[in-house]
Amino acid sequence: MKKKITIKSRYREILLLIRGNRIRLMFAMICMLVIAVSTAVTAYLVEPVLDDIFINKNRKMLYIIPIIVLTVYFLRGVAYYGQAYLMNYVGEGVIRHLRNRLYAHIQQMNLAFFQDEKTGTLMSRITNDVNIIKEMVSTAVTSSLRDVFTILGLTCVIFYQDWKMALFALLILPVAFFPIVEFGRRVRRVSTGCQEAMADLNSFLHETFFGNKIVKAFGMEYHEIKRFQERTDTLFKLEMKAVKAKALSSPVMEFLGGVGIAFIIWFGGGRVIDGVSTAGTFFSFMAAVLMLYDPVKKLTKLNNAIQQGLAAADRVFDILERETGITEAENPIEIPDGPHSVTFRNVVLKYNDVTALSGVNLHVDAGEVLALVGMSGGGKTSLVNLIPRFYDPTAGTILIDSVNIKDASIQSLRKQIAVVTQDTILFNDTIGNNIAYGKADASRDEIVNAAKAAYAYEFIQSLPSGFDTNIGELGGRLSGGERQRICIARALIKNAPILILDEATSALDTESEMLVQKALENLMRGRTTFVIAHRLSTISYANRIIVLVNGKIVEEGEHETLLVKNGEYAKLYRMQFSEPAREGAQAIKNP
Ligand SMILES: Nc1ncnc2c1ncn2[C@@H]1O[C@H](COP(=O)(O)OP(=O)(O)O)[C@@H](O)[C@H]1O
Ligand SMILES: [Mg+2]
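Scope of this entry: the structure provided in the associated data block. (Residues numbered from 1 in each chain as written. Chains lettered and ligands numbered in written order. Predicted model: local features only at pLDDT ≥ 70, side-chain atom pairs only at ≥ 80, totals over all residues. Heavy atoms only, no water.)

1. Notes on the sheet that holds strand S7 (residues 498-502)
Here's step 1: Taken in spatial order, the six strands of this open sheet run S6-S7-S8-S3-S9-S10, and their pairing is mixed. On the outer flanks of this sheet lie strand S6 (417-420) and strand S10 (552-557), each paired with one strand and no other. The mean inter-strand angle of the sheet, taken between neighbouring strand axes irrespective of direction, is 15°.
Here's step 2: The sheet contact formed by S6 and S7 spans four bridges and is parallel. The residue of S7 that forms the bridge with Val 419 is Ile 500. (Pairing = 2+ DSSP bridges. Helix = DSSP H or I, 4+ residues; strand = E, 2+ residues; numbered from the N terminus. Axes fitted to C-alpha atoms, helices over the stretch in contact; angles between N-to-C directions.)

Following this line, the structure appears as structure tokens:
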């Protein structure tokens, strides 16, 4: 599935984004140059201070140099603020863009993606990983340019003061590069492990908080606490590895610095004693070398930040480059509103190695109500999932009227379809807005009518703020049946010509099911309906029933005919009505 993309072109997007900020970058660079020059000037000034003031006792310099120092430090402060602000502006902008891109891409992924990826991991990508990239872009790019300029400036001072000694001092530099590269590599490796452990921790938290009721019901608190501790243990060990790699780079750099200074004292000091050089030159040289230490050290850390950032960027781009799975046709056909027929032609659906549907042929007339029955795992959900293109079939075609749904615009296709499933997913918003979810411009009257038709009006009215009650505030106070009726109202308001009810009344008790059933029957009138119901009694109004076994349609017809046939349907029916004891009860709960 993954496209082969070389490392370089992966990061092109980030680079292009940074380049889009050319003017800001230019000003930031000017600021950095000012900082670098000010550092170099400071190092250079040591020479006149020593030689002119201390040794030659020149009074005029006593006034000139402090004024120069004040000016230099003032400009330096302004420049420092400017580059920090500008570079972070660029960095944060890149991050905002990347986050938005990532979220939009994930939203467009097909359902299979969400079944494969853990929610916690995806969240970790958008929060943690993107943050690490930010560190790389804002901190790293800022300090790298600034430090490189500073190093250049100080090197100029060194060469100006004593080029022979400078040449010798520079011999140490290549030695310094080795630890920089090596530690960076180590940090990158460990940091990938850390981030993956962090993502794992996130999805663990998501699962055990979200499913806390089950954790409690099965008395698994201590088990989960132990499992959590195992994870923090792993994370701890990985983090410590990262700390080791990072912490080693400082002392190694420091030692190399010490070697340099010892050399300068020995070599430069000798030259001053011999009278070839002055004390001012020597100390200015020394100051520049000492000042070099800071930006060089920062550059080694910078490499760590870049390595971590690149590792995070790889994880983010891995997702961005994932194909969305369901793609729109080149010139998509708009499906007009109105009643539609639905046709399946030799449809096969495989999930990896599981065959969910094998060779389904089916034609449902506009306005027909088709019931799908069969034991759990028969392929009923898989079949209806193909109509809104939640999945694409592995083989075969599905037509709406005479349009292959693969050629249709996905938006116009989904606009024709309302779905109610047994998962009663509501969003953290008011009940009114949840009902109007697919129809943002719905009036209060429409919302109330939909609620009434779904038999949800009364319990909504009894809530503290009625339709303005927030789902989040209610917490777990809504019953499964109440949530399901809100979901039904949400589908009702969409007023779509194709209706998919996948165990839409499974969470209702018998009484409210009968009420909602009436509402659904009204709703189905004139609509092409696919209804999957766990109770066979509730599909009596269907025009036609199909029985799915192992992904195949094994029987098809009306209730009476199928009973007479005494096949699979009759078996299901008997299980529910005559022997509700064991086998049957299970089939009723979980068809
Ligand atoms: N996302 C999936 N990945 C892999 N297998 C799946 C997936 N969804 C369903 N299946 C399998 O496909 C078969 C049909 O499932 P499903 O359509 O949900 O049946 P039903 O709705 O009739 O209970 C089952 O064997 C099920 O395990
Ligand atoms: Mg199902």
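2. So, the site of ligand 1
Here's step 1: Near ligand 1, the surroundings consist of 13 residues, among which Gln 115, Gly 377, Lys 380, Thr 381 and Ser 382 are the closest.
Here's step 2: A distance of 2.9 Å separates an oxygen atom of ligand 1 from a polar atom in the side chain of Lys 380.
Here's step 3: A distance of 2.5 Å separates an oxygen atom of ligand 1 from a polar atom in the side chain of Ser 382.
Here's step 4: Relative to its free-state accessible area of 560 Å², ligand 1 is covered by the protein chains to the extent of 65%.
Here's step 5: For the shell around ligand 1, the elements supplying multiple residues, two or more each, are strand S2 (354-364) and helix H11 (380-385).
Here's step 6: Considering every element that reaches the shell around ligand 1, the biggest residue donor is H11, with three residues.
Here's step 7: Taken together, the residues of the shell around ligand 1 sort by class into five nonpolar, seven polar and one charged. (Near = heavy atom within 4 Å. Polar contact = N/O pair within 3.5 Å; in protein donor to acceptor, adjacent residues only side chain to side chain. Areas by Shrake-Rupley, 256 points an atom, 1.4 Å probe, with all protein chains shown as cover. Nonpolar A, V, L, I, M, F, W, Y, C, P; charged D, E, K, R; others polar.)

3. Some details on a nonpolar patch on the surface
Here's step 1: Taken together, Ile 23, Met 26, Phe 27, Ile 30, Val 34, Phe 74, Leu 75 and Val 78 make up a surface patch of nonpolar side chains, about 790 Å² in accessible area.
Here's step 2: Elements represented by at least two residues in the nonpolar patch include exactly helix H2 (22-55) and helix H3 (59-108).
Here's step 3: Turning to its location among the elements, Phe 74 is positioned in helix H3.
Here's step 4: Residue Phe 74 is classed as exposed on the basis of its relative accessible area, which comes to 59%. (Patch = residues over 30% accessible without salt bridge, like charges linked within 9 Å, V, L, I, M, F, W, Y side chains within 5 Å. Salt bridge = Lys/Arg side-chain N within 4 Å of Asp/Glu carboxyl O. Buried < 20%, exposed > 50% of the residue type's maximum accessible area, 1.4 Å probe, protein only.)

4. What about the nonpolar core?
Here's step 1: Counting residues in hydrophobic clusters, the biggest one holds 50 residues, and the most contacted among them are Ile 431, Ile 435 and Ile 539.
Here's step 2: Among the elements that make up this core, the one with the highest residue count is helix H17 (residues 480-494) (seven residues).
Here's step 3: Of all hydrophobic cores here, the second largest spans 34 residues; its members include Leu 25, Val 90, Leu 98 and Met 136. (Core = buried A, V, L, I, M, F, W, Y, C linked by side-chain atoms within 4.5 Å.)

5. A word on the pattern of salt bridges
Here's step 1: One pass over the structure, following the stated rule, counts 16 salt bridges.
Here's step 2: Taking the shortest distance from any N to any O, the salt bridge between Arg 146 and Asp 147 comes out at 4.0 Å. Each member of the pair, Arg 146 together with Asp 147, is buried.
Here's step 3: With its nearest N and O atoms 3.0 Å apart, the salt bridge here joins Asp 162 to Arg 271. Here the residue Asp 162 occupies a position in the loop between helix H5 (119-161) and helix H6 (163-170), and Arg 271 occupies one in helix H9 (residues 221-273), the gap between them amounting to 109 residues. For the pair Asp 162 and Arg 271, a shared accessibility class is recorded, and that class is buried.
Here's step 4: Beyond isolated ion pairs, a larger network of salt bridges with shared partners links Lys 118, Asp 200 and Arg 231.

6. Some words on the side chain of Asn 434
Here's step 1: As for its position among the elements, Asn 434 is in helix H13 (residues 431-435).
Here's step 2: The contact partners of Asn 434, leaving out residues within four places of it in the chain, are Leu 426, Phe 427, Asp 429, Ile 471, Ile 486 and Arg 490. (Contact = heavy atoms within 4.5 Å.)

7. Remarks on unusual backbone geometry
Here's step 1: A positive phi angle is found at Asn 495, which is not glycine, with a value near 55°.
Here's step 2: Position of Asn 495 relative to the elements: it lies in the loop between H17 and S7.
Here's step 3: A positive phi angle, near 50°, is found at Asn 550, a position not held by glycine.

8. Things to note about the state of the cysteines
Here's step 1: What the rule picks out here adds up to zero disulfides.
Here's step 2: Note on Cys 31: no disulfide assigned, nearest cysteine sulfur contributed by Cys 156 at a separation of 20 Å. (Disulfide = S-S within 2.5 Å.)

9. What to know about the sheet that holds strand S4 (residues 395-400)
Here's step 1: In spatial order, the strands read S2-S1-S4-S5; together these four strands make up an open sheet with antiparallel pairing. With partners counted over all chains shown, the strands left at the sheet margins are S2 and strand S5 (403-404), one partner each.
Here's step 2: Pairing of strand S1 (residues 342-351) with S2, which is carried by seven bridges, proceeds in the antiparallel orientation. When the bridges of S2 are listed, Leu 349 appears paired with Leu 357.

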